[in-house]
Amino acid sequence: MQKIGVFVCWCGSNIAATVDVARVVAAAKGIPGVAFAADYKYMCSEQGQQLIADSVRQYGLNRIVVCSCSPRMHEKTFRACAERCGVNPYQVEIANIREQCAWILKDKEQATRKAIALMKAAVAKVQLDTPLQPGESTVVKRALVIGGGIAGIETALDIADAGYKVDIVEKEPSIGGKMAQLDKTFPTLDCSACILTPKMVDAAQHPNIRIFTYSEVEEVRGFVGQFEVDIRKKARSVKADICSGCGICTTKCPSRKADSEFDAGLRKRGAIYIPFAQAIPKVPVIDRAHCLKFQTGKCGVCSLVCPNKAIDYTQQDEIVTEQYGAIVLATGFDLLDLKHFGDLGWGRSKDIITSLQLERLTNAGGPTEGHLVCPSTGRQPKKVVIVSCVGSRDTSGRGKTYCSKICCMYNAKHAMYIREKYPDTDVTVFYIDVRTPGKGFDEFQRRAVEEYGVHYIRGLVGKVDVHKDGTLHLTASDLNSGRQLEMEPDLIVLAAAVTASPDARKIAGLVTASIDNDGFYVEAHPKLRPVESPTAGIFLSGMCQGPKDIPETVSQAGAAAVKAIGLLSKDKLLTNPCTARCNEAVCSGCQSCVKVCPYGAIEAVEKTVITLEGKKEQRSVAVVNEALCQGCGACTVACPSGAMDLKGFSNQEIMAEVDALCW
Amino acid sequence: MLVNEDGKTAAPETKSFEPKIVAFCCNWCSYAGADGAGTARKHYPANVKIIKVPCSGRVNPLFVLRAFQKGADGVILCGCHPGDCHYMTGNYYTRRRLTLLMSMLDYLGVAKDRLRVAWVSASEGARFAEVMNDFTAHIASLGENVKLRDMRCRK
Amino acid sequence: MQKIEELMRVKAAALLQDGTADCVLAWRKGEFPYDHATAVFHTNEELQELTYDCFCPANLAKYLIQTSRAGKKAAVFLKPCDTYGVNQLLKDHRIRRDLVHAIGTPCGGMLDIRKIRAAGCRGILAIEDRGDDVVVTCAGGTVTLHKADVLLRKCLACKGNDYKIADEEIGTKQAVPQAPADRFAEVEAIEAMTPEARFAFWQQELSRCIRCNTCRDVCPACSCEQCIFDHPGSGADGKAYADASQEAMFHVIRAFHVAGRCTGCGECGRVCPEGIRLDLLNGKFAKDINTYFGPYQPGEDAETAAPQFTFRPGDPDPDTVTQNDDRRDDHA
């Protein structure tokens, strides 16, 4: 006999202020099958769970409905509680009366009536819930990190140090990412390469880490604990195993048309190139689109000069298939394409650059060996203007609505750095607000103003004109004084908005991770599960989840590693028991389910079945592999006979909810 | 048995019409979107009652018709944006199924716009509320569902 | 038609004789010249009853489910339109190709006895198909009718005389004496009605249903072992409930389940004792599939992926498919 307990949570005043919990309890008591109903201030607390346990014992409850916050929040908590007191965890239903009642409604009567309706639907469903037992699946003790920037490197090192194998897949020819391009880092002004390069070397030398550079993830199959990934190793056209990294080929290459990605387009590179001096691996790659040998068939200089005969024009892409227990996404960020910012002069003068280009201009390893010059003239600029929020906090549609978070700090860094090195150069920063929370951050920005004499002007740059002689004319408004300003800077630096990597969306599709409208990965919970994707076994590291500075990226990378390690340390995982189930007596063997299953979890098998009339019959029926089934239910709708059903979300259960809500 | 038109005239003027709306929401995107609407305290009407399904591809047209017959005035199906399905392809099938179902409802002469499909991602809490406000207002303007409840074989 | 009938008997006998077939699916003479039945033949004696003329509209394809299940090799006579049904059953894995011997059988169009009666023929003794004309011998004398005027509705939109599956062909191909009508013309006519008229039309049609399930039984696309409406626990089992609204979904859901499977044979509409235009429900889905997902003809072959099990990333959104069309405004 069914004995349902209904437990209504106040969530402090979160629910109780808007929902009359006593009325919900009273309504529950009137439903046949409900043996007990009570409300409590915090049902998820130890005392609340004790109340559930005591009631189960006292009233012999065998099904539980909790009216509380979203099941995405505490379904696990209450299922575990149920299990501890002998109720099958899958005979627990949550009525979401916080997010769906209390928090969206102001009128107490309305909220209470809706809460009662949701409670009734949950009771209707719980009555049909069958006890389910999760299965077990194994865990491959290896992690995949997608992206080899500081986030990916840090995550990989942490996982590897814990004793697990890790592969890093990086699409560029070297690991290092954006951090490798930076000159100094705030707020300490220490050299970016000096702190990154040792990490890169550590990763390359770590016995547990394999690095696939110039490689991309092509296909991801499987599920948490047992992902199977195809990695495309793009043809470098250089045999990595015999190349000594001497770099003669790169100096002799006659093609000089390609922009250096690493130097943000400020320098040309050869068709065969090593992105930067500290690259890992230090193996050149041929950019076939710019290579004379590939484009015209004539050349072959690199092959001639290579002392090790490592050049291989016939090299093909290679697909490597590997198994992983966990996948960490560390796909990083990009800068907003400023093509819609022509009013700020973008694209009209070489002396209007992005902050990342400025990093290269001030970097000793950069195209000017660290001498800050105007790219058009090669002369040191006397007046530099830095424009904040170019495409950040932008509601005009040409940029991003969010704050890019790092620009205020690097603007101060750039300004301070220029003033330090070139005291005769005047630096002005235009800003909307200066946002510098963080340890030592605000002090840093204040030093720029107070010690280095950087001019900070709260205001918007209206437009930039580029005169025929190449000089720049800038019009801005000073919002504090209300004055219009006119300036003729030699160099304008645009702090372009941070955007998600364009590859993030593709990879999200491959691993079925959630992504927001801006292309950043969505975390499982914004506060409590910030480094996990809602998809089991997928973790988030660094900027791919949202704008972050380096310290934050590194902390998040470590957190993602810990979550991945936690998963890899398990020998077995409990699988979701809410899988598809075929009623063989009813199945016609039409294989409609097979056709829509995204996991290949259904097979037609010739077997003896007992018909509804109790006869034995030999025929082909659908058989579900529960280890592969992820419980999406697509098969249940494809099935015309209703033979295929989904445990935990059966046709009858859902229709019972429908009936209860439409009553 | 009422066989009259489906329009506003069917709703009696005296008592205010409170439409019953069933929203099927996929667990990964739209249900999370609904949570987001709650967390952000975005208001949407109490009329909307959510049924959680693992994927929009789990929603059988049978459920939709059942809801209408049991007295729903509007049914809305929410899933991940096409291309973003947690189960990779579920919502692509849903899209086809619902295209056919809506067209069929229209063909049967019943208000096809009592049924709506909306793609709402986990990060679109505000949009979830907007969609529900808009749909509820639309259903309220249509009045009580008479035809769909009565789309049956009479004997 | 005498000649083809004789050819069929000889062919059937030979196939039984040489072991190609354990049984033969064909038509058997009925009590009247216009009501032949379907039959399974095992012996030469039985084969004497085999008949074939313009009153054999029934599609034998669905009987193959039982013969396949029983592991029996069946020779089956298939009119061109029937071959689509066989392909569909193969695609649905309901029959075994190695147990089917398909014989393409020519068809010049099947006749509608109701139309012949409506033309004034009473006490019908014999009906002779002469190609473009039909000569009806009645108790009161003979009447000559234009065949095109007395064809079954489904033959008016004949899909042509090609066999989509055939191990061999018999006789010579014929053509239906009627320019093929637009298959979706009637669906379009309903679409063009006002919503009120559409609702009234379907109310009038569907309310006549007596749930005899003949439409279901005859349909080569509707071949479930157990119908979702019949088996307990499906959540849709309607018959056990007294609530009439449970039955409401039957025809829409049935049409939905055969969407992408329905070959357009029109048998559902033909066999309905209440004359409900079920073919127009299925036809709507077939038309919509063509419009929204690209041309697709179920039963054309046994391999092409069906539209309900495939997708294109650029498929139209459900909300957009019926927008921007004033006629469709339900509340104007």
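Residues numbered from 1 in each chain as written. Chains lettered and ligands numbered in written order. Predicted model: local features only at pLDDT ≥ 70, side-chain atom pairs only at ≥ 80, totals over all residues.

## Some thoughts on the interface of chain A and chain C
Right, on to step 1. Contacts between the two partners involve 20 residues from chain A and, on the opposite side, 17 residues from chain C.
Right, on to step 2. Taken together, the elements giving at least two residues each to the side of chain A that touches chain C come down to helix H17 (592-596), strand S32 (616-624) and helix H19 (651-662) of chain A. (Contact = placed C-beta atoms within 7 Å. Helix = DSSP H or I, 4+ residues; strand = E, 2+ residues; numbered from the N terminus.)

## Points about the interface of chain B and chain A
Right, on to step 1. Contact residues are listed per partner, giving 42 residues for chain B and 42 residues for chain A.
Right, on to step 2. Of all the secondary structure elements, the ones that give two or more residues to the side of chain B that touches chain A are helix H1 (30-39), strand S2 (48-53), helix H2 (61-69) and helix H3 (90-107) of chain B.
Right, on to step 3. With 6 residues, H1(B) is the largest single contributor of residues to the side of chain B that touches chain A.
Right, on to step 4. Residues belonging to the side of chain B that touches chain A are distributed by class as follows: 20 nonpolar, 12 polar and 10 charged. (Nonpolar A, V, L, I, M, F, W, Y, C, P; charged D, E, K, R; others polar.)

## A word on the packing of helix H7 (residues 150-161) of chain A against helix H8 (residues 192-205) of chain A
Residues and elements named next belong to chain A.
Right, on to step 1. The interhelical angle for the contact between H7 and H8, taken along N-to-C directions, is 50°, at an axis separation of 10 Å. What the angle tells us is that H7 and H8 run oblique. Read as a crossing pair, H7 and H8 show a hand that is left-handed. Contact residues: Ile-150, Ile-153, Glu-154, Ala-156 and Leu-157 in H7; Leu-196, Lys-199, Met-200, Asp-202 and Ala-203 in H8.
Right, on to step 2. Classifying every residue of the contact of H7 with H8 by side-chain character gives 7 nonpolar, no polar and 3 charged. (Axes fitted to C-alpha atoms, helices over the stretch in contact; angles between N-to-C directions. Parallel < 35°, antiparallel > 145°, perpendicular 65-115°, else oblique. Left-handed = near helix turned anticlockwise from the far one by under 90°.)

## Some words on the packing of helix H2 (residues 21-29) of chain A against helix H6 (residues 108-128) of chain A
All names here are of chain A.
Right, on to step 1. Two numbers describe how H2 lies on H6: the axes approach to 9 Å, and their chain directions differ by 35°. Handedness of the H2/H6 crossing: right-handed. Between H2 and H6, the residues in contact are Arg-23, Val-24, Ala-27 and Ala-28 and Thr-112, Ala-115, Ile-116 and Met-119, respectively.
Right, on to step 2. A class-by-class count of the residues in the contact of H2 with H6 yields 6 nonpolar, 1 polar and 1 charged.

## A look at the sheet that holds strand S28 (residues 538-540) of chain A
All names here are of chain A.
Right, on to step 1. Spatial strand order, S10-S7-S6-S18-S28: 5 strands in an open sheet with parallel pairing. Looking at the sheet topology across the chains shown, the edges are occupied by strand S10 (209-212) and S28. Strand-to-strand, the axes of this sheet are offset by a mean angle of 20°, without reference to chain direction.
Right, on to step 2. Sheet topology places strand S7 (residues 165-169) next to S10; 4 bridges connect them, and they run parallel. Of the residues in S10, the one forming a bridge with Ile-168 is Ile-211.
Right, on to step 3. Packed onto the sheet, H7 meets strand S6 (142-146), S7, S10 and strand S18 (326-329) and runs at close to 165° relative to S7. (Pairing = 2+ DSSP bridges.)

## Some words on unusual backbone geometry
Residue and element names in this part refer to chain A.
Right, on to step 1. Along the chain, Phe-186 connects to Pro-187 via a cis peptide bond; the corresponding omega equals -5°.
Right, on to step 2. When you line up the elements, Pro-187 lands in the loop between strand S8 (184-185) and strand S9 (190-191).
Right, on to step 3. For the bond from Ile-280 to Pro-281, the omega torsion is 0°, close enough to zero to count as cis.
Right, on to step 4. Residues other than glycine seldom take positive phi values, yet Cys-11 does so here, at roughly 50°.
Right, on to step 5. Secondary-structure assignment places Cys-11 in the loop between strand S1 (4-9) and helix H1 (13-16).
Right, on to step 6. You can call Cys-11 buried: it has 23 C-beta atoms within 10 Å. (Buried ≥ 20, exposed ≤ 12 C-beta atoms within 10 Å, placed from the backbone.)

## A short note on H3(B)
Residues and elements named next belong to chain B.
Right, on to step 1. The end-to-end C-alpha distance of H3, which contains 18 residues, comes to 26 Å, matching closely the 26 Å that a straight helix rising 1.5 Å per residue would cover.
Right, on to step 2. The buried fraction of H3 is high, at 18 of 18 residues.
Right, on to step 3. In the stretch just after H3, Gly-109 is the one whose phi turns positive, near 85°. (Expected span 1.5 Å × (residues − 1).)

## Section: the pairing of strand S3 (residues 74-79) of chain B
Residue and element names in this part refer to chain B.
Right, on to step 1. Burial analysis of S3 places 6 of its 6 residues in the buried class, the great majority of the element.
Right, on to step 2. The side-chain alternation of S3 yields two buried faces, one formed by Gly-74, Ile-76 and Cys-78 and the other by Val-75, Leu-77 and Gly-79.
Right, on to step 3. With 5 bridges connecting them, strand S1 (residues 21-26) and S3 associate as parallel partners. Following the sheet pairing, Phe-24 is matched in S3 by Leu-77.
Right, on to step 4. Sheet analysis places S3 next to strand S4 (residues 115-119), joined by 5 bridges and oriented parallel. By the bridge assignment for S4, Ile-76 is matched with Arg-116.

## Points about the sheet that holds strand S2 (residues 34-40) of chain A
Residues and elements named next belong to chain A.
Right, on to step 1. The strand order across the open sheet formed by 4 strands is S2-S1-S3-S4, and the pairing between neighbours is parallel. Here the strands that pair on one side only, and so sit at the sheet edges, are S2 and strand S4 (92-96). Taken pair by pair, the neighbouring strands of this sheet meet at an average axis angle of 15°, ignoring direction.
Right, on to step 2. When strand S3 (residues 63-68) meets S4, the two strands line up parallel, connected through 5 bridges. In the strand pairing of S4, Val-65 is matched with Glu-93.
Right, on to step 3. Of the strands in this sheet, S3 and S4 touch helix H4 (residues 71-84), which is tilted by about 150° from S4.
Right, on to step 4. The strands touched by H6 are S1, S2, S3 and S4; relative to S4, the strand with the most contacts, the crossing angle is about 165°.

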